[in-house]
Amino acid sequence: MQANEQRIEAHIENLRQFTATPGEGVTRLTYSVEDLKARNYIKEQMTAYGLTVSEDGFGNIFGKLNGMLEDAPSVLIGSHFDSVPNGGAYDGTAGVVVALEVAAMFQAQNLTPTYPLEVVAMIEEEGGRFQGGLMGSRAMLGVLSAEDFAAQTDVAGITTIEAMEAIGLNPLNAKPRPVETIKAFLELHIEQGPILEEKEISIGVVESIVGLCQLEVTIQGQAGHAGTTPMNRRKDALVAAAKIIAELPNIAVNESHHTVITTGRLQLYPNGANVIPEKVVFSVDIRSNEEVHVKNAVEQVKACILREHKNGISTNIAQLMYISPKELNHVIRDLFKQTSEKLAIPYCSMHSGAGHDAMVLSDFTASGMIFVPSKDGLSHCPEEYTKTEDFVKGTNILFEVTKQLTEAVEV
Ligand code: GLV
Ligand code: MN
Ligand code: MN
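Residues numbered from 1 in each chain as written. Chains lettered and ligands numbered in written order. Predicted model: local features only at pLDDT ≥ 70, side-chain atom pairs only at ≥ 80, totals over all residues. Heavy atoms only, no water.

A. Region of interest: the domain arrangement of the protein. Along its sequence, the protein is carved into domain 1 (5-210 + 325-405) and domain 2 (211-323). Domain 1 and domain 2 are separated by 32 Å when their C-alpha centres are compared. Roughly 1100 Å² is buried in total at the junction of domain 1 and domain 2, and carbon and sulfur atoms are behind 64% of that figure. When residues of domain 1 are sorted by the area they lose upon contact with domain 2, Gly 132, Val 210 and Pro 325 head the list and together hold 45% of the total. Summed over the shared surface of domain 1 and domain 2, the result is zero salt bridges. Viewed at the interface, domain 2 and domain 1 are joined by two residue pairs in polar contact (both at pLDDT 80 or more). (Domains from an automatic or database assignment. Buried area = accessible area lost by both parts, 1.4 Å probe. Salt bridge = Lys/Arg side-chain N within 4 Å of Asp/Glu carboxyl O. Polar contact = N/O pair within 3.5 Å; in protein donor to acceptor, adjacent residues only side chain to side chain.)

This is how it looks when you write it as structure tokens:
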């Protein structure tokens, strides 16, 4: 049985419309109006494909197809449905869409699995609203406690709980899902890099995922008049921040081993053309393939920030997230490879430089991922694009592996 090209395309195009920035890419922040519209759409599709819909106390969505075994753990398939600001229509969303398509294929064949199958659509993987990232999976598995979840606020000071209630979600049941209820997790994702396209291969079987640390740095200085304050009497928070940010690429290059460091978010206060900046808050995202290099780079970044803590400038560092590099499950990797061979779809093994919910799930359950090509290697931008034919191939593989895991294969 083949995945249905039109259905996949229609879901991607329909979900693309749920954006706060029409014409300028997909901006779908967690618990926004666009989240609510996408959520309703996903729930409708789940119901149409014969799944029983539920939402946990964090707003993650599940669509369940019961198996023959009662009280048996489920095979979860899916991804996240939030986006970065002005992102594309595929990052995360495509993984939810192809999981829906797998459910449609089960329905079309009238398959009743032995173990239950659950399609999952997770919130806030990007950290676009509440910072930190991987929040849906971390909360689902108790890595982020319900108390810490409730304490998160967005830039406007709105708490997760207030934001959930604003779109009619019920935060009362905010507790982790027992890990015994999950047999395995499978995620298809766009590659977000150039390798598959360059190699002209449609499928990447992910062996490992990068380790990452996210910091939020606050530099506090003193506001003052831009015309009357002599240069030697200034406590300019932005000048201090700029020195730090300019040093970050050198730290990454010196650490080598694919270490990368990015400042992608920066807020400046009070943000007036004729006012010396009083406060700057910025993110630092640090990644590397091996834990020792993530940790070294984090230490060096912290030391670099501390060097600016002088002459009336104070610095503060909050660690929003740390997650070590992960290796994905061997059995699932082999299943993906064998299935690709059986379906005559060439594949290659890959390492992921992007973070994914699968890295959180992999600490609790057998987890596996496949990648499909990204045009020009672009992602986190409106130009993101993947050919439908690649999704069809990926979905065909995902369907076969899901079928095997919901039967008996032990992982
Ligand atoms: C998610 O896209 C991440 O890698 O931060
Ligand atoms: Mn993603
Ligand atoms: Mn992303």
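B. Structural detail: the coordination of the manganese ion (ligand 3). Coordination of the manganese ion (ligand 3) by the protein is provided by Asp 91 (OD), Glu 126 (OE), Glu 126 (OE) and His 380 (NE2), with metal-donor distances spanning 2.0 to 2.6 Å. Counting the intervening residues between successive donors of the manganese ion (ligand 3) yields the motif D-x34-E-x253-H. Taken as a pair, the manganese ion (ligand 3) and the manganese ion (ligand 2) lie 3.6 Å from each other and share Asp 91 as a ligand. With Asp 91 in the loop between β3 (74-80) and α3 (93-108) and Glu 126 in the loop between β4 (117-122) and α4 (135-140), this residue pair connects regions lying 35 residues apart in the sequence. In this structure Asp 91 comes out as buried when scored by relative accessible area, which is 6%. (Donors = N, O, S within 2.8 Å, 3.2 Å for Na, K, Ca; no water. Helix = DSSP H or I, 4+ residues; strand = E, 2+ residues; numbered from the N terminus. Buried < 20%, exposed > 50% of the residue type's maximum accessible area, 1.4 Å probe, protein only.)

C. A look at the pairing of β3. Among the seven residues of β3, seven are classified as buried, and the element is accordingly described as predominantly covered. Relative to β4, β3 runs parallel, the two sharing six bridges. Bridge pairing links Leu 76 to Glu 118 in β4. The parallel pair β3 and β4 is bridged by α3, and the resulting crossover is right-handed. (Pairing = 2+ DSSP bridges. Right-handed = clockwise from strand over helix to strand, strands pointing away.)

D. Spatial organisation of the site of ligand 1. Around ligand 1, a shell composed of Glu 125, Glu 126, Arg 287, Ala 354, Gly 355 and His 380 is seen. Protein coverage of the free-state accessible area of ligand 1, which is 200 Å², stands at 88%. Partitioned by chemical class, the residues of the shell around ligand 1 number one nonpolar, two polar and three charged. (Near = heavy atom within 4 Å. Areas by Shrake-Rupley, 256 points an atom, 1.4 Å probe, with all protein chains shown as cover. Nonpolar A, V, L, I, M, F, W, Y, C, P; charged D, E, K, R; others polar.)

E. Structural detail: the coordination of the manganese ion (ligand 2). The manganese ion (ligand 2) binds to the protein through His 80 (NE2), Asp 91 (OD) and His 189 (NE2); the donor distances cover 2.1 to 2.2 Å. Every donor residue of the manganese ion (ligand 2) comes from the same chain, spaced as H-x10-D-x97-H.

F. Structural context of the nonpolar core. Of all hydrophobic cores here, the largest spans 66 residues; its most connected members are Tyr 31, Phe 149, Phe 336 and Phe 391. It is α3 that provides the largest number of residues to this core, a total of eleven residues. If we ignore the near neighbours within four places in the chain, the residues touching Tyr 31 are Arg 39, Phe 58, Ile 123, Arg 129, Phe 130, Phe 149, Thr 160, Ala 163, Met 164, Ile 167 and Leu 169. Within the second largest apolar cluster, 26 residues are counted, among which are Phe 62, Val 360, Leu 361 and Phe 371. (Core = buried A, V, L, I, M, F, W, Y, C linked by side-chain atoms within 4.5 Å. Contact = heavy atoms within 4.5 Å.)

G. Up close: the packing of α3 against helix α12 (residues 388-406). At a minimum axis separation of 9 Å, α3 and α12 run at an interaxial angle of 60 degrees. Judged by the angle between their axes, α3 and α12 are oblique. The two elements α3 and α12 cross, and the hand of that crossing is right-handed. Across the interface between the two elements, Ala 94, Val 98, Glu 101, Val 102, Met 105 and Phe 106 from α3 touch Phe 391, Thr 395, Asn 396, Leu 398, Phe 399, Thr 402, Lys 403 and Thr 406 from α12. Considering only residue class, the contact of α3 with α12 consists of eight nonpolar, four polar and two charged. (Axes fitted to C-alpha atoms, helices over the stretch in contact; angles between N-to-C directions. Parallel < 35°, antiparallel > 145°, perpendicular 65-115°, else oblique. Left-handed = near helix turned anticlockwise from the far one by under 90°.)

H. Fine view of the pairing of strand β5 (residues 182-190). Summarising burial for β5: nine of the nine residues are buried, a large majority. Where β3 meets β5, four bridges bridge the pair, whose relative direction is parallel. Each residue of the ladder has a partner; that of Leu 76, found in β5, is Phe 185. Two elements, β5 and strand β16 (residues 366-372), share seven bridges in a ladder whose sense is parallel. Considered in β16, the bridge of His 189 is made with Phe 371.

I. Region of the structure containing unusual backbone geometry. Looking along the chain, the bond that leaves Tyr 269 and enters Pro 270 is cis, with omega of 0 degrees. Residue position: Pro 270 is located in the loop between β10 (266-269) and β11 (275-276). Here Asp 71, not a glycine, exhibits a phi torsion of approximately 55 degrees, which is positive. Examined against the element boundaries, Asp 71 turns out to sit in the loop between β2 (61-65) and β3.

J. Representation of the side chain of Asp 236 within the structure. Inspection of the secondary structure puts Asp 236 in the loop between β8 (224-225) and α8 (237-255). The side chain of Asp 236 sits in the buried core without any salt bridge; Arg 234 is the nearest counter-charge, 5.0 Å away. There is a polar contact of 2.9 Å between the side chain of Asp 236 and the backbone nitrogen of Leu 238. Apart from residues no more than four positions distant in its own chain, Asp 236 is found in contact with Ile 276, Pro 277 and Ile 313. (Lys, Arg positive; Asp, Glu negative; His and termini not counted.)

K. Quick peek at helix α9 (residues 291-306). For α9, spanning 16 residues, the distance from its first C-alpha to its last is 23 Å, which sits close to the expected 22 Å at 1.5 Å a residue. Along its buried surface, α9 packs onto β7 (211-220), α8, β9 (260-262), β12 (279-288) and β13 (314-323). (Expected span 1.5 Å × (residues − 1).)

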